[in-house]
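# Structural overview for review
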Amino acid sequence: MEDGHADPGGLGRGPAIGANDLPAGPDFGPVARLAATLCDTPSALITVHDGQAPRVVATAGLDAIAVAAGALVLQCEPLSGEATQVVEDLRADRRYAGAPCVLAPPHLRFYACVPLRSPSGLTLGTLAVLDCVPRQLRVDQIQALETAGHLLAVEIELRRRWQAQLCERADTMRRTNSLLAMAGRLAHVGGWELDLASGHAQWSDQVAAIHGVPAGETLEVSAALALYVDESRERLKAAFDRCAATGASYDEEVELCALDGQRRYVRSIGHAVKDATGAVVGVQGVLQDITERRLAEQQQQQQQQQQQQQRLSSRLAETLESITDAFCCVDPDWRLVVVNREFERLLELSRDECLGGVVWDLFPDSLGSTFEMEARKAVKDHRATDFETYYEPLKRWFEVRLFPSPEGLAIYFRDVSERHARLEQLRLLDIGIGHSNDVLMITDARLEPPGPRIVYVNQAVERLCDYHRSEVLGRSPRMLQGPKTRRSELERISAALHAKHSVRAELINYGKTGREYWVELEISPICDRDGRCTNFVAVERDITLRKQEDERRRELEDQLRQAKKMESVGTLAGGIAHEFNNILAAILGNLQLAQEDLPDRAAALEHLAHIRQSSQRARSLVQHLLAFGGRQSSERRQQDIRAVMDETLVLLRHTLPDTINLQVSVSAAPLFAALDGNQLQQALLSLCTNARQALPDEQGVITIGLEDVTLEQADVSRLGLLAPGCHAHLWVSDTGNGIDESTRARIFDPFFTTRPPGQGTGLGLAVVHRIVMAHDGAVAVESTPGQGSTFHLYIPALRDAGDEDAPTRPGALDALHGAGQHVLYVDDDEMMLLTVEALLQRLGYHVTCYADPHVAVAALTSQARRCDLLLTDQNMPGLTGIELARQVLQLHPELPVIIITGFLTDELRHEALQAGVRDIIPKQNCVEELGGAVARTLAASTSAPQLPSH
């Protein structure tokens, strides 16, 4: 062609792409057929450029070979251009009209071509469609052809690049394998592989060299394993089998004996080879000769051991020199080979003096000692031992420890003389504390429940608490507490212990048998150097006797206070009784006169009876006062207490309402005592009256009882009696409301009452107490609120009846009226003068009255007034009745004298008898007894003086 555009040599301008650059891949035929279909042409072809000329890689339609051969001449122009080339009629285009494929078969007439270029502009080839007839392509067909060409160019470029990478990797692999082979030779490392199905194994030359096998040769697996030593063979085979069975990799260091006779240490690493299903089909691995490393490690280890031994030897020598124990070593011949500084100091020998010497020669005093015996035994038995021994030359105790060995005997010993001295002190201290009467107890510092535990206690606990020492160790001191242990004191002790303060207290504790005892307790904390409380020490002292003495002293003090109280009230009662009795005697005397003057049915008699009743009650009150104050005359004689009880029961049955059930419990045997029956009856009646008032709505049971009891010393101390022995026990109990503790503390106080005003004087129980105390007895009360009360009376009883003869009151005279006898009456109370004068005159006596005793004495002295009887009051200013009697009897010894007194005591009765007084009349009973006393005294004026009982 004339313009040279069809010159095939133009193809040489494209970039070089080798024919083998494209890797084998899918056939491009479908792409060619797709292009023909898109452009509606009978044929299409795809070419690639290998750097020299296009190469057809795929055709479609017509004669592929002819089309391909003829079309190659048409490729130069598309390869040199950028755009798609479409030649509708090749014959009409001067560039291609002379081409062989146009002029000769296949006689191509139509040609459209899309250049294939990479994104970087590199020419890769063409995609062309052809036809043997002229034709045209639509725009959409051209666009579809260009799209197909673009996709085809991308695919070709990807394949080309992949092939280039494969070539590069292959080259890298070749270089790597060369380096690995070199490294394997240097590192003594080789690879191996075993196919499990065929049993075929292969290994590298280096693996063969490790096993002592020439390069290129292999061994059977069993033959290779046989080269390994027994322990290594078993371990390696077990690891290999486990890898083949489960796929578990292994890494073992083993020892083998190669065929060349060399013993080598190798590191064997194995990994499982698996197929696509994950099944293990083989094992491959690496084998490395680590003999040089292991030998170097062993050598290094030996060097380190030697260095460590040297360091240990040096450190041991330094330690042995610095320890506080003395140390030495003897060889099998008992020669000293090593000693330290402490050895030299304790035994006072230098090492130059003792090294190399025989122990028994250096220390001859040890022959036959505990040391020699124990040392020879330790060497013989090859057993370490320890003991303590006393070395006489140094006067010291040593703690010795022996450690035998084939090289001899290592001996450690220390001076424990101070410890022995301390132990001896502790032993003596323990003996001293053990013999102490006080309990010494040490506990730990645990305060949470169940409380501190006892870690030490001396033997005194056995005497005080009835427990053996072993029974209390490990238990809490709270085991000694009981119902009467005061909670408030325990709370105070607990607060002090929590604050780490010392505390002192007095408590009731309980022994093993339940016995109560008082202790004085002092507890102190024991702290360590850091101030932490570690223990508590307690000292317990038995103060039971002291407490009992204190209680006895308080009881005596209470009794003393009560006695003083009674003495004060008695003094008061004695002071007012005289005045009261004067008034009451005048009232009762005039009542008697008035009643006698009135006719029997006079209306005023009823009123006078009421006045008499009130006066008698007042007189009884005065008697209570006198009895309480101990100022009442008492005449005690031996009598059967049952008789007094019988009289009392008669009175009670007439006075108690039917709603009260009176029960009696009296012993059948007679029970005698020296007592005033009237006073005892008064006491029993007062107790029963008190019991009646304690019954709600006067309904319930009152029990009165009598029995004989023998009281011991403890009972006497508790009750406050004078002496132990036989006593009469009387009691009165009720089922009433009971008495609380605060009321019981004051129940015998005078004028104390719990009843509303006007319903009690507060003297009833005080009089009971006074009467019983006057009989050398005691009173006790038992009561619980809501459960009634019981009053116990204890009176000394007699073993037998003794002499029951006692003065008896003479019977009343047949005639109480006088016959004009002259009675001289002296009283400083004008009302009494008038009353007594009227009474005596009515009885038929001639009466002369004097208000001044001195005037009466003067009258009797002058002989102007001769009389048959002197009747005088006791308490008068200037002269008492007894003093008046003494003066008158000095003048007229035969003159009978009667004294009237409102304050009759045993002392007064005795003094009157000594003065010669014939009779004494209580002023409160003057109305009832005056006539009889005067008539009786006048009738017996010639008999010896005597004082009947009133």
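Residues numbered from 1 in each chain as written. Predicted model: local features only at pLDDT ≥ 70, side-chain atom pairs only at ≥ 80, totals over all residues. Heavy atoms only, no water.

### What about the overall build of the protein?
For clarity, the cut-off: Only DSSP runs of H or I reaching four residues or more are called helices, and only runs of E reaching two or more are called strands; each is numbered from the N terminus. Burial here depends on accessible area, computed with a 1.4 Å probe over protein chains only, as a share of the maximum for the residue type. Under 20% is buried, over 50% is exposed, and the range in between is partly exposed. Here a residue-residue contact requires only that any non-hydrogen atoms of the pair lie within 4.5 Å. All accessible areas in this document rest on Shrake-Rupley with a 1.4 Å probe, and a residue is counted as covered only by the protein chains that are shown.
Helix and strand counts for the protein stand at 29 helices and 32 strands. The buried share of the protein, taken over its 950 residues, is 42%. Partitioning the contacts of the protein with sequence separation of at least 6, the portion at a separation of at least 24 is 59%. For the protein, the exposed area adds up to about 50200 Å²; of that, 52% sits on carbon and sulfur atoms.

### Section: helix 17 (residues 487-498)
This is how the line gets drawn: Given the number of residues in a helix, its expected span is that number minus one, multiplied by 1.5 Å. The arc in question is traced by the directions running from the helix axis to the C-beta atoms.
Taking 1.5 Å per residue as the helical rise, helix 17 with its 12 residues ought to reach 16 Å, and the 16 Å between its terminal C-alpha atoms agrees with that figure. Taken together, the buried positions of helix 17 are Glu 489, Leu 490, Ile 493, Ala 496 and Leu 497. Relative to the axis of helix 17, the buried residues are bounded by an arc of 125° and lie together on one face. Elements that come into contact with the buried residues of helix 17 comprise strand 18 (503-510), strand 19 (516-527) and strand 20 (533-542). Phi turns positive one or two residues past the end of helix 17, at Lys 500, with a value near 60°.

### What about the sheet that holds strand 32 (residues 919-922)?
The condition that has to hold: Strands are labelled as partners when DSSP assigns at least two bridges between them. Convention adopted: a line fitted to C-alpha atoms gives each axis, helices being fitted over their contacting stretch, and angles between N-to-C directions are expressed from 0 to 180 degrees.
Ordered by their spatial adjacency, five strands build an open sheet running 29-28-30-31-32, and the pairing between neighbours is parallel. Of all strands in the sheet, those with a lone pairing partner are strand 29 (846-850) and strand 32, marking the two edges. With direction set aside, neighbouring strand axes in the sheet form an average angle of 20°. Taken together, the four bridges between strand 31 (residues 897-901) and strand 32 define a ladder with parallel strand orientation. By the bridge assignment, Thr 901 is partnered in strand 32 with Pro 922.

### Notes on the environment of Ile 739
Structurally, Ile 739 is set in the loop between strand 25 (725-734) and helix 23 (741-744). In this structure, Ile 739 is in contact with Arg 744, Ile 747, Val 781, Ser 783, Pro 785, Ser 789 and Phe 791, ignoring residues within four places of it in sequence.

### A few points about helix 1 (residues 29-39)
Along helix 1, the residues that are buried comprise Gly 29, Ala 32, Ala 35, Ala 36 and Cys 39. Along helix 1, the residues classed as buried sweep out an arc of 125° about the axis, all on the same side. Asp 40 occupies a position one or two residues after helix 1 and carries a positive phi of about 60°.

### Regarding unusual backbone geometry
Following Pro 105, the chain continues into Pro 106 via a peptide bond in cis, with omega recorded as 15°. Along the chain, Pro 106 falls in the loop between helix 4 (100-103) and strand 4 (110-117). Pro 450 follows Pro 449 through a cis peptide bond whose omega is 5°. With respect to the helices and strands, Pro 450 occurs in the loop between strand 16 (439-444) and strand 17 (454-457). For Asp 40, which is not glycine, the phi dihedral falls at a positive 60°. Considering the arrangement of structural elements, one finds Asp 40 in the loop between helix 1 and strand 1 (43-49). Of note, Asp 776 is a non-glycine position whose phi angle comes to about 60°, a positive value. Mapped onto the secondary structure, Asp 776 falls in the loop between helix 24 (764-774) and strand 26 (778-783).

### Topic: the UniProt feature "coiled-coil region" (unreviewed entry) in the protein
Which entries qualify depends on this criterion: UniProt positions are given in the numbering used here, feature names are shortened, and annotations may be inferred rather than shown by experiment.
Under the feature "coiled-coil region" (unreviewed entry), the UniProt entry names residues 287-315. The distance separating the terminal C-alpha atoms of residues 287-315 is 44 Å; by composition the span is 86% helix and 10% strand.

### Side note on the nonpolar core
Keep this limit in mind: We define the nonpolar core as a collection of buried residues of types Ala, Val, Leu, Ile, Met, Phe, Trp, Tyr and Cys that are connected through side-chain atoms lying within 4.5 Å of one another.
Counting residues in hydrophobic clusters, the biggest one holds 38 residues, and the most contacted among them are Ile 641, Leu 684, Ile 704, Leu 730, Val 732 and Leu 793. Those elements that provide at least two residues to this core are helix 20 (641-655), strand 22 (660-666), strand 23 (672-675), helix 21 (677-694), strand 24 (700-711), strand 25, helix 24 and strand 27 (789-796). Top element by residues in this core is helix 21. It accounts for six residues. When near neighbours in sequence (up to four residues on either side) are disregarded, Leu 684 contacts Met 645, Thr 648, Ile 704, Leu 730, Val 732 and Leu 793. Judged by nonpolar contacts, the second largest core, of 28 residues, contains Ala 585, Val 847, Leu 871 and Leu 930.

### A look at the pattern of salt bridges
We count it as follows: Note on definitions: salt bridges are taken to be side-chain nitrogens of Lys or Arg within 4 Å of carboxyl oxygens of Asp or Glu.
Evaluated as defined, the whole model comprises 49 salt bridges. Between Arg 135 and Asp 40 there is a salt bridge whose closest N-O contact spans 3.8 Å. Separated by 95 residues along the polypeptide, Arg 135 in the loop between strand 5 (123-131) and helix 5 (139-187) and Asp 40 in the loop between helix 1 and strand 1 bring together distant segments of the chain. Salt-bridge contacts for Glu 321 lead to Arg 351; the nearest nitrogen and oxygen are separated by 3.1 Å. Of this pair, Glu 321 sits in helix 9 (residues 291-322) while Arg 351 is found in helix 11 (residues 351-354), placing the two residues 30 residues apart along the sequence. Taken together, the salt bridges that share partners define one network made up of Glu 506, Glu 520, Arg 546, Lys 547, Asp 550 and Arg 553.

### Some points on a nonpolar patch on the surface
Formally: Within the patch definition used here, like charges are joined within 9 Å and nonpolar side chains (Val, Leu, Ile, Met, Phe, Trp, Tyr) within 5 Å, considering only residues with over 30% relative accessible area and no salt bridge.
There is a patch of nonpolar side chains on the surface, built from Leu 423, Leu 426 and Leu 429 and spanning about 290 Å² of accessible area. When you line up the elements, Leu 423 lands in helix 14 (residues 417-434).

### Digging into the sheet that holds strand 20
Strands sit in the order 17-16-20-19-18 across an open sheet of five strands; the sheet is antiparallel. Strand pairing shows two members of the sheet lacking a second neighbour, strand 17 and strand 18, which therefore form its edges. On average, adjacent strands in this sheet sit at an angle of 30° to one another, irrespective of strand direction. In terms of strand pairing, strand 18 meets strand 19 through eight bridges, oriented antiparallel. Among the inter-strand pairings, Ile 508 is bridged to a residue of strand 19, identified as Trp 518.

### Considerations on the layout of surface pockets
The following threshold applies: Here a cavity is any set of points on a 1 Å grid over the protein atoms alone where a 1.4 Å probe fits but cannot get out, and a pocket is any open set with protein on both sides within 12 Å along at least 5 of 7 lines; a residue lines the site when it has an atom within 4 Å of a point. Grid points are joined across faces, edges and corners, and a volume is the space filled by probe spheres set on the points. Under the convention adopted here, Pro, Cys and the residues Ala, Val, Leu, Ile, Met, Phe, Trp and Tyr are nonpolar, Asp, Glu, Lys and Arg are charged, and Gly plus all remaining residues are polar.
In this structure, the second largest pocket encloses a volume near 1000 Å³. Lining the second largest pocket are 25 residues, with Asp 558, Arg 744, Ala 745, Phe 748 and Val 779 sitting closest to its centre. Among the elements of the structure, helix 18 (544-597), helix 22 (713-719), helix 23, helix 24, strand 26 and strand 27 are those that each provide at least two residues to the lining of the second largest pocket. Among the elements that make up the lining of the second largest pocket, the one with the highest residue count is helix 18 (seven residues). Its residues placed into classes, the lining of the second largest pocket shows 10 nonpolar, five polar and 10 charged.

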